[in-house]
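Overview (structure and organization)
One letter stands for each residue in the lines below.
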Amino acid sequence: MSGPKVVILSAGQGKRLSPLTDDRPKCLIDLSGRSVLHWQLSNLAGVGVREAVVVTGFNAALVEEEIAGLDLPGLTVRTLFNPFYSLTDNLATCWMARGELTGEVMLLNGDTLFEPAVAERLLAAPPADITLTIDRKAEYDDDDMKVRTDGDTLRAVGKTLERYDGESIGFTRFSAVGAMTFVRHVEAALRNPEGLKRWYLSVIDQIAKETGRVKVTSIKGLGWAEMDFPADMARNLALTERWASRAMTG
């Protein structure tokens, strides 16, 4: 299997994780001997991804140093610097990376941890212009990026939805047409000042409502996590310890 290019949004500092992120972006937090970014790139390489572009910002030199020290045969990793990372949210980061969002491409949040089976599930999903990876669980909190679906079709995505049946994990696949549609909507959104403070999933929500052609694929039961708050560390360490143990025995 050979996967499409992946663009990883790793420009932010992650201030909610202070003091862990006082001097380094959260993509470089160590979990079981590897940074979050190392886990991401290693697991992507393991499912056949051959090209990754990491969008950097806060302490970009440290991210570049981390990438230079990785040994991931078959995977080419480049960086793209966003000088406006501290002034905007991730919609503007996507605008900075719009030149990379061409052809078949995947978009990954820089704080999303996932086992290789998650990427395999997304890659194996039926062809669609845009496919959002979602999880379904018994309870959701205010910080979850909730989704409302109709079968495999996305109807809405956002943190404040009143009706929802899952959450986005921050991993999206685009066809060539889907990528062009997304970039066109991103460019339109950034013409308005309020676009600087929007999440890119607000654009996915808009496309879903306008076209009805955004799909979802569920990874319920597979291992993934986000790095948002210091309280996440214990759970994420336990998750990556299992992955590290599996790699040593497998």
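The text that follows walks through the structure, step by step, so that each part is easy to find. (Residues numbered from 1 in each chain as written. Predicted model: local features only at pLDDT ≥ 70, side-chain atom pairs only at ≥ 80, totals over all residues. Heavy atoms only, no water.)

Quick look at the overall build of the chain now. The number of helices and strands found in the chain is seven helices and 13 strands. For the chain, the C-alpha radius of gyration of 17 Å lies close to 18 Å, the compact-globule estimate for 250 residues. Over its C-alpha atoms, taken along the principal directions, the chain stretches across nearly 45 × 40 × 35 Å. Taking all 250 residues of the chain together, the buried fraction comes to 54%. Counting every atom, the chain has about 11,400 Å² of accessible surface; 51% of that belongs to carbon and sulfur. (Helix = DSSP H or I, 4+ residues; strand = E, 2+ residues; numbered from the N terminus. Rg over C-alpha atoms; globule rule 2.2 N^0.38 Å. Buried < 20%, exposed > 50% of the residue type's maximum accessible area, 1.4 Å probe, protein only. Areas by Shrake-Rupley, 256 points an atom, 1.4 Å probe, with all protein chains shown as cover.)

Let us now look at the pairing of strand 6 (residues 105-109). Counting buried residues in strand 6 gives five out of five residues, a clear majority hidden from the surface. Two strands pair when backbone bridges link them, and strand 1 (residues 5-9) and strand 6 are joined in this way by five bridges, in the parallel orientation. Along strand 6, the bridge assignment pairs Val7 with Leu107. With four bridges connecting them, strand 6 and strand 11 (residues 166-174) associate as antiparallel partners. Along strand 11, the bridge assignment pairs Met106 with Arg173. (Pairing = 2+ DSSP bridges.)

Between helix 5 (residues 176-189) and helix 6 (residues 200-211), whose axes approach to 10 Å, the crossing angle comes to 115°. Here helix 5 and helix 6 pass one another in a crossing that is right-handed. Contact with helix 5, carried on its side by Thr181, Phe182, His185, Val186 and Ala189, involves Tyr200, Val203, Ile204, Gln206, Ile207 and Glu210 of helix 6 and no other residues of that element. Here the residues of the contact of helix 5 with helix 6 sort into seven nonpolar, three polar and one charged. (Axes fitted to C-alpha atoms, helices over the stretch in contact; angles between N-to-C directions. Left-handed = near helix turned anticlockwise from the far one by under 90°. Contact = heavy atoms within 4.5 Å. Nonpolar A, V, L, I, M, F, W, Y, C, P; charged D, E, K, R; others polar.)

Moving on, we get to the side chain of Asp232. Along the chain, Asp232 falls in helix 7 (residues 232-249). The class of Asp232 is buried, set by a relative accessible area of 12%. Once residues lying within four places of it in the same chain are set aside, the contact partners of Asp232 are Glu226 and Met227.

Evaluated as defined, the whole model comprises 19 salt bridges. The closest approach of N and O atoms between Arg155 and Asp150, which form a salt bridge, is 3.2 Å. Look at the salt bridges and you will find they share partners, linking Arg16, Lys26, Asp111, Asp143, Lys159 and Asp228 into a network. (Salt bridge = Lys/Arg side-chain N within 4 Å of Asp/Glu carboxyl O.)

A few words now on the nonpolar core. Formed by 31 residues in total, the largest nonpolar core has its most connected members in Val7, Leu107, Leu154, Phe182, Tyr200 and Ile204. In terms of residue count, the dominant contributor to this core is helix 6 (six residues). In this structure, Leu41, Val118, Ala119 and Leu122 belong to the second largest nonpolar core, which totals 28 residues. (Core = buried A, V, L, I, M, F, W, Y, C linked by side-chain atoms within 4.5 Å.)

Scanning the entire structure with this criterion turns up six aromatic pairs. For the pair Phe114 and Phe171, a centre-to-centre distance of 5.2 Å together with 40° between the ring planes defines the contact as tilted. Taken as a pair, Phe114 in strand 7 (residues 112-114) and Phe171 in strand 11 lie far apart in primary sequence, 57 residues in all. Of the residues examined, Phe171 reaches a relative accessible area of 0% and is grouped as buried. Here Phe182 and Tyr200 contribute two aromatic rings whose centre-to-centre distance is 6.2 Å and whose plane-to-plane angle is 85°, an arrangement assigned as edge-to-face. Within this pair, whereas Phe182 is found in helix 5, its partner Tyr200 is found in helix 6, the two being separated by 18 residues in sequence. On the basis of relative accessibility, which here comes to 1%, the residue Tyr200 falls in the buried class. The structure contains a cluster of three or more aromatic residues connected by ring pairs, namely Phe174, Phe182 and Tyr200. Cation over ring: Arg34 sits above Trp39, and NZ or CZ is 4.6 Å from the ring centre. (Phe/Tyr/Trp six-rings, centres within 6.5 Å; stacked < 30°, edge-to-face > 60°. Lys NZ or Arg CZ within 6 Å of the ring centre and 35° of its normal.)

Attention now moves to helix 4 (residues 116-124). For helix 4, the set of buried residues is Val118, Ala119, Leu122 and Leu123. Along the axis of helix 4, the buried residues cluster in a sector spanning 135°; they form a single face. Structurally, helix 4 contributes buried residues whose contacts are with strand 6, strand 7, strand 8 (130-135), strand 11 and strand 12 (214-218). (Arc of directions from axis to C-beta.)

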